[in-house]
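Survey of secondary and tertiary structure
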Amino acid sequence: MATTDTSASEWPLWEVFTQPPGGKPHEHAGSVHAPDAEIALQNARDVYTRRGEAVSIWVVPSVLISASAPGDAGPWFDPGNDKPYRHPQFYKTPRGVKVF
Amino acid sequence: MPAPLFEYLLRIGDDRLVLGHRNSEWCGHGPILEEDIALANISLDLIGQAQLLLNLAGQLEGQGRDADTLAYWRDDVQFRNLQMAELPKGDFAFTMMRQFLFSAWANLQLEGPIQGNHEDLKGIAAKAHKENRYHLRHASEWVIRMGDGTEESHRRAQAALDELWPWTGEMFQQDDVDRAVAEQGAVVVAADLEPRWRAAVTDLLGRARLTIPTAPMRMTGGRKGRHTEYLGRMLAEMQIVARSHPGATW
Amino acid sequence: MTTDPKTPAPEDPAKMAEFDTRLARDETIEPKDWMPEKYRKQLTRMMSQHAHSEVVGMLPEGNWITRAPSLRRKMVLLAKVQDEGGHGLYIYCGAETLGIDRAELIDQYLYGTAKYSSIFNYPTLAWADIGVIGWLVDGAAIVNQTMLARASYGPYARAMIRICKEENFHKRQGYELCATLARGTPAQRAMVQDAVNRWWWPSLMMFGPHDGDSPNSGDLLKWKVKLKSNDDLRQRFVNLTVPQAKAIEITLPDPDLRYDEASGNWLIGPIDWAEFKQVISGNGPCNHERLAARRAAHEEGRWVREAAAAYAAKRSEPAGQAA
């Protein structure tokens, strides 16, 4: 963001990831506008943890996120669908074994 | 004379009630949506702290007054807050600079009751201290950005500092109430509060490229119920609904 | 977006067919997915209008933060108005995924023709209004937003799920406040009844014109952005609210209100659509004040936004080049 016309500026957009308690992974919470990383963190804290939903926050400039294209969805993710042997349900346990 | 601890609780409770009220005036009018939300969080913390402190004051007094009675049914001369807290919110620079000066003070001042021997007060002070650390961080970052931002923001931040600085003397005045609560052991009064505050504030203001004014400290009186003309009007607004319906439940 | 609105290019029929199939399968549409230009436009309009409403909605209630009659009520109200700012923020972020900046969206309502919900152009004249807004206005909003949480556009639906979770407290606190006043002193009781008298009809208007007169409904229903019609949602709200009013012995100001055994619905009298049109075309009681307040905040905040941007630029730590 060069110092072009900032008069109408709402600041750049950052994606916010919050980590819920209990060792769960960070998940996407939403976005905030902020001029820099410190303010982005503070804004994320004020906007997305008002009800104590998080123990940790990541922020990343939205423009730095690379995403797969919708057209790739088939070739990328379908191959995973026909590999049932990757799932535990694929395997039979002998009758009588309840806890595995 | 009322019990010193009661008086002490009114002081630090009223600071937060009045400052929280002033900050809440920003709600819906902030400079950007994210900051509107941040300011509301600070107000909520401060008013929450005030409620705990004033409730405790009422309990100690033992005359059936709770935080609401104390907040809504005292007149301005019975309020014990710092005068700085009651000044109108001004522009964003004024509000943030005041929050910075206050939070930097509260950060050290709250150590007194935390180290004291009054269990209820210790608990409240510890909670307030935790919240205050975030307020200080938020306000500090803004003071730096305003001081070292644009020409206009620098001018506004410096003007806010010039205006507010002479009010800060009141934060360090000690009187019989302070001595009595220290004697009781409820509050450990640090002799070096002012120099520590000054060092912290000087460091940050320097990073913000702002100049500490040389103007002398103002005459004060908030701790004794002598206020500016602003407090009466603020309370008139704050108390109007409650006082229009005596005995009502809300 | 660079599409010239005057010459909408015809949509590719194959892509269009695939889009319709996806909607038929109840798949969500995501930002990078292909979507018809009209879908994008209608969504942008609807989401930004919704976001503007949340933010303007901070003003009528914010009007009473400094006068709330107890510390508990003061904190509840402040938290609620703050939530509304948060909800505006979530929805703006959702709208931005359609390829338009928040700055531009805000510009459109502050200085252009973009609309926000007509309800916020009514004044809050008494403390009881705070309760009634929570009960009726947020109650109506929840009926609408519960539906939108299943909207076909993923970012909108996700914002709504978060909002619905938070919004429930808004309605609860409002109804609790009304109930407290209703069983309070005669003056408190009169205050809450008067507030209901003033807010009931505007709340019903929040659902928009009757289905036959709603210009955008057709597309929005077809595309599963909306899943129910204005009249269906309004009826659901009335059915929920009538028993709540009875429970606290408050009268709804409609002499024609009656229960219809056959349909199981509470039927209302005629809505004054002339008033609705007045308010949405800018002549409501507070249109001028609401816009003026938001413009003032935006303009007086400009130097603050610029200061932080200038500081970030000096530190050469701008977004996109990362620390």
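Structure's up top.
Given the structure is predicted, the values throughout are model-derived calculations rather than measurements.

The helix and strand inventory of chain B stands at eleven helices and zero strands. For chain B, whose C-alpha radius of gyration is 18 Å, the value lies close to the compact-globule estimate of 18 Å for 250 residues. Across its three principal directions, the C-alpha atoms of chain B cover 55 × 40 × 30 Å. Looking at chain B residue by residue over its 250 residues, the buried ones come to 62%. Within chain B, counting contacts between residues at least 6 apart in sequence, those at least 24 apart form 83% of the total.

Moving on, we get to the interface of chain B and chain C. Each partner contributes residues to the interface: chain B has 47 residues there, and chain C has 46 residues. In this assembly, chain B packs against chain C so that about 4000 Å² is buried in total across both faces, 69% of it on carbon and sulfur atoms. When the buried area of chain B at its contact with chain C is split by residue, Leu33, Leu44 and Trp250 of chain B rank highest and sum to 18% of it. The interface formed by chain B and chain C includes three salt bridges. Here Asp148 of chain B makes a salt bridge to Lys314 of chain C, at a shortest N to O gap of 3.0 Å. When residues of the side of chain B that touches chain C are traced back to their parent elements, those giving at least two are helix 1 (4–24), helix 2 (33–61), helix 3 (67–72), helix 5 (92–109), helix 7 (119–147), helix 8 (151–164) and helix 11 (229–244) of chain B. For the side of chain B that touches chain C, the element with the highest residue contribution is helix 2 of chain B, accounting for eleven residues. In the side of chain B that touches chain C, the residues fall into 23 nonpolar, 14 polar and ten charged.

This brings us to the sheet that holds strand 3 (residues 56–61) of chain A. Taken together, the three strands give an open sheet; going across it, the order is 2-1-3 (chain A), and neighbouring strands pair in antiparallel fashion. Two strands in the sheet have a free side with no partner beyond their single neighbour: strand 2 (27–33) and strand 3 of chain A. Neighbour-to-neighbour, the strand axes of this sheet turn through a mean angle of 30°, independent of strand direction. Bridge analysis of strand 1 (residues 13–19) of chain A against strand 2 of chain A gives six bridges, and the strand direction is antiparallel. When the sheet's bridge partners are listed, Val16 of chain A is paired in strand 2 of chain A with Gly30 of chain A. Helix-sheet contacts for helix 4 (residues 71–96) of chain C involve strand 1 and strand 2 of chain A, and the interaxial angle to strand 2 of chain A is about 95°.

Contact with chain B, which involves eleven residues of that partner, is made by 13 residues of chain A. Buried area between chain B and chain A, both sides added, is near 1300 Å², and the carbon and sulfur share of it is 55%. Broken down residue by residue, the surface that chain B buries against chain A is led by Ile32, Glu34 and Tyr134 of chain B, which jointly contribute 43%. Counting across the interface, chain B meets chain A through two salt bridges. Asp36 of chain A is paired through a salt bridge with Arg145 of chain B; the nearest N and O atoms lie 2.9 Å apart. Put simply, the parts of the chain that give the side of chain B that touches chain A at least two residues each are helix 2 and helix 7 of chain B. A per-element tally of the side of chain B that touches chain A places helix 7 of chain B first, with six residues.

Our focus in this paragraph is helix 12 (residues 287–300) of chain C. Across its 14 residues, helix 12 of chain C extends 20 Å between first and last C-alpha, which sits within 8% of the 20 Å expected from 1.5 Å per residue. Packed against the buried residues of helix 12 of chain C are helix 2 (37–56), helix 3 (58–62), helix 5 (102–110), helix 11 (273–283) and helix 13 (302–314) of chain C.

Once that is clear, we can look at the pattern of salt bridges. Residues and elements named next belong to chain B. In total, this model carries 42 salt bridges over all chains according to the counting rule given. Among the ionic pairs, Glu141 bridges to Arg145, the shortest N-O distance being 2.7 Å. Of the two residues, Glu141 and Arg145 both sit in helix 7, four residues apart, roughly one turn of that helix. Each member of the pair, Glu141 as well as Arg145, is classed as buried.

With that settled, the discussion passes to the packing of helix 6 (residues 128–148) of chain C against helix 10 (residues 230–247) of chain C. Residues and elements named next belong to chain C. Put simply, helix 6 and helix 10 touch, their axes get as near as 10 Å, and they point 140° apart. Judged on the interaxial angle alone, helix 10 and helix 6 are oblique. Every pair of crossing elements has a handedness; the one defined by helix 6 and helix 10 is right-handed. On helix 10, the residues touching Trp135, Leu136, Gly139, Ala140, Val143, Asn144 and Met147 of helix 6 are Leu233, Arg236, Phe237, Leu240, Thr241, Gln244 and Ala245. A breakdown of the residues in the contact of helix 6 with helix 10 according to their chemical character gives nine nonpolar, four polar and one charged.

A cluster of nonpolar residues, Tyr85, Phe90 and Tyr91 of chain A, forms a patch on the protein surface that exposes about 350 Å² of accessible area. Mapped onto the elements of the fold, Phe90 of chain A is located in the segment after helix 2 (73–77).

The geometry of an aromatic ring pair comes down to the distance between the two centres and the angle between the two planes. This model, assessed by the stated rule, comprises 19 aromatic pairs over all chains. Taking 5.7 Å as the distance between ring centres and 80° as the angle between the ring planes, the aromatic pair formed by Tyr39 of chain C and Trp223 of chain C counts as edge-to-face. You can see Tyr39 of chain C sitting in helix 2 and its partner Trp223 of chain C sitting in the loop between helix 9 (217–222) and helix 10, a full 184 residues away along the chain. Here Tyr39 of chain C and Trp223 of chain C have matching classes, each one buried. Ring centres of Phe207 of chain C and Phe237 of chain C lie 5.5 Å apart, and the angle between their planes is 45°; this geometry places the pair in the tilted category. Of this pair, Phe207 of chain C sits in the loop between helix 8 (186–205) and helix 9 while Phe237 of chain C sits in helix 10, and the two are 30 residues apart along the sequence. Pair check on accessibility: Phe207 of chain C and Phe237 of chain C agree, each one buried. Among the aromatic residues, ring-to-ring pairing joins Trp11 of chain A together with Trp26, Phe92 and Trp142 of chain B into one connected group. Positioned above the aromatic ring of Tyr134 of chain B is the side chain of Arg45 of chain A, whose terminal nitrogen or guanidinium carbon lies 3.6 Å from the ring centre. Against the face of Phe79 of chain B rests Arg74 of chain B, its NZ or CZ located 4.2 Å from the ring centre.

Before going further, it helps to examine the environment of Cys93 of chain C. Positionally, Cys93 of chain C belongs in helix 4. In this structure, the C-alpha to C-alpha distance between Cys93 of chain C and Met46 of chain C, residues 47 residues apart in sequence, is 13 Å. Ignoring anything within four residues of it in the chain, the contact list for Cys93 of chain C reads Leu13, Ser31 and Val32 of chain A.

Parameters at a glance
Residues numbered from 1 in each chain as written. Chains lettered and ligands numbered in written order. Predicted model: local features only at pLDDT ≥ 70, side-chain atom pairs only at ≥ 80, totals over all residues. Heavy atoms only, no water. Helix = DSSP H or I, 4+ residues; strand = E, 2+ residues; numbered from the N terminus. Rg over C-alpha atoms; globule rule 2.2 N^0.38 Å. Buried < 20%, exposed > 50% of the residue type's maximum accessible area, 1.4 Å probe, protein only. Contact = heavy atoms within 4.5 Å. Buried area = accessible area lost by both parts, 1.4 Å probe. Salt bridge = Lys/Arg side-chain N within 4 Å of Asp/Glu carboxyl O. Nonpolar A, V, L, I, M, F, W, Y, C, P; charged D, E, K, R; others polar. Pairing = 2+ DSSP bridges. Axes fitted to C-alpha atoms, helices over the stretch in contact; angles between N-to-C directions. Expected span 1.5 Å × (residues − 1). Parallel < 35°, antiparallel > 145°, perpendicular 65-115°, else oblique. Left-handed = near helix turned anticlockwise from the far one by under 90°. Patch = residues over 30% accessible without salt bridge, like charges linked within 9 Å, V, L, I, M, F, W, Y side chains within 5 Å. Areas by Shrake-Rupley, 256 points an atom, 1.4 Å probe, with all protein chains shown as cover. Phe/Tyr/Trp six-rings, centres within 6.5 Å; stacked < 30°, edge-to-face > 60°. Lys NZ or Arg CZ within 6 Å of the ring centre and 35° of its normal.

So yeah, pure geometry; function would need other evidence.
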